[in-house]
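Read off the chains here:
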Amino acid sequence: SRNKRTNQATAIATFIGTATSGSEKDVLLIGDYNMIPGDDQVNFDAFNPSGFLQFISSEDLEGQATHLTSSGGDGNLLAGFAISAAHTDEYVAGSLRIFPIWRALGLTRQEYRIQVSDHLPVLARFRIVGDDD
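Residues numbered from 1 in each chain as written. Predicted model: local features only at pLDDT ≥ 70, side-chain atom pairs only at ≥ 80, totals over all residues. Heavy atoms only, no water.

Visitor: Help me understand the overall build of the protein in this model?
Guide: Across its full length, the protein carries 5 helices and 5 strands. By principal-axis analysis of the C-alpha atoms, the protein measures approximately 45 × 40 × 20 Å. Residue burial in the protein is summarised as follows: out of 133 residues, 34% are buried. Pairs at least 24 residues apart make up 71% of the contacts formed inside the protein by residues separated by at least 6 positions. Surface accessibility of the protein: about 7,700 Å² in total, with carbon and sulfur atoms responsible for 52%. (Helix = DSSP H or I, 4+ residues; strand = E, 2+ residues; numbered from the N terminus. Buried < 20%, exposed > 50% of the residue type's maximum accessible area, 1.4 Å probe, protein only. Contact = heavy atoms within 4.5 Å. Areas by Shrake-Rupley, 256 points an atom, 1.4 Å probe, with all protein chains shown as cover.)

Next up, the structure:
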């Protein structure tokens, strides 16, 4: 339910707040949020009550889908990437992509959904040439 998801997002936000209360401020939050940008704004707000996070998946993948419906078509953008907005400089802006893994596996999208997963993987680029913390 939405209330359960809000409680979960609040718990994660509390953990992030505690983890970043010292000098370490870099955050990369990756996962199957099962939250749709716009539709589930209350849950996104619970994840990010102070505006600490930047949801790069909502920005870079706007209008795309990481979830496949039972027919193999596009579902919703459920996978999420978020970074600490003012502290994570390593992310290469605009690099987040949905990886067409079904092709690499020699499958159709529907075969991939049935045999592997109804979620598509996402990948991003980060510059990690030195420690900035």
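Moving on from the coordinates now.
Visitor: How do you make sense of unusual backbone geometry when you look at a structure like this?
Guide: In most cases, non-glycine residues show a negative phi, while peptide bonds are predominantly trans. With a phi close to 55°, Asn-34 is a non-glycine residue in the positive phi region. Tracing the backbone through its elements, the reader meets Asn-34 in the loop between β1 (28-32) and α2 (41-47).

Visitor: What is the right way to look at helix α1 (residues 2-19) in this model?
Guide: For an α-helix, the turn length of 3.6 residues means that residues three or four places apart are oriented alike. Look at α1: 25 Å from first C-alpha to last across 18 residues, which is about the 26 Å you get at 1.5 Å a residue. Buried residues along α1 sit in contact with β1, α2 and β2 (53-54). (Expected span 1.5 Å × (residues − 1).)

Visitor: What is the right way to look at the sheet that holds β1 in this model?
Guide: Neighbouring strands of a sheet are bound in pairs by backbone hydrogen bonds; such pairs are parallel or else antiparallel. Sheet architecture is open: 3 strands sit in the order β1-β3-β2, paired in antiparallel fashion. Where the open sheet ends on each side, the last strands, each with one partner, are β1 and β2. Two elements, β2 and strand β3 (residues 79-84), share 2 bridges in a ladder whose sense is antiparallel. Pairing of Gln-54 across the sheet is with Ile-83, part of β3. (Pairing = 2+ DSSP bridges.)

Visitor: Quick question: what am I supposed to make of the packing of aromatic side chains here?
Guide: For any pair of aromatic rings, geometry is given as the distance between the ring centres together with the angle between the planes. A full pass over the atoms with the stated rule returns 6 aromatic pairs. Between the aromatic rings of Tyr-33 and Phe-44, the centroid separation amounts to 6.3 Å while the plane-to-plane angle is 65°, which identifies the pairing as edge-to-face. Of this pair, Tyr-33 sits in the loop between β1 and α2 while Phe-44 sits in helix α2, placing them 11 residues apart in sequence. Ring plane angle 50° and centroid distance 6.3 Å describe the contact between Phe-47 and Phe-55, whose orientation is recorded as tilted. Of the two residues, Phe-47 and Phe-55, neither departs from the other in class, the shared state being buried. (Phe/Tyr/Trp six-rings, centres within 6.5 Å; stacked < 30°, edge-to-face > 60°.)

Visitor: Help me understand the environment of Gly-94, please; the structure alone is not making it clear to me.
Guide: Mapped onto the elements, Gly-94 comes out in the loop between β3 and β4 (97-98). In this structure the C-alpha to C-alpha distance between Gly-94 and Glu-59, which are 35 residues apart in sequence, comes to 8.4 Å.

Visitor: How do you make sense of the nonpolar core when you look at a structure like this?
Guide: Side chains of nonpolar character tend, in soluble globular proteins, to be buried together. In terms of nonpolar packing, the biggest core is built from 13 residues, with Ile-56, Leu-61, Tyr-91, Leu-96, Trp-102, Tyr-112 and Leu-120 touching the most fellow members. Apart from the residues lying within four places of it in its own chain, the contact partners of Ile-56 are Leu-61, Phe-81, Ala-82, Ile-83, Tyr-91 and Leu-96. Among the nonpolar cores identified, the runner-up in size contains 12 residues, and Ala-9, Leu-29, Met-35 and Leu-53 belong to it. (Core = buried A, V, L, I, M, F, W, Y, C linked by side-chain atoms within 4.5 Å.)

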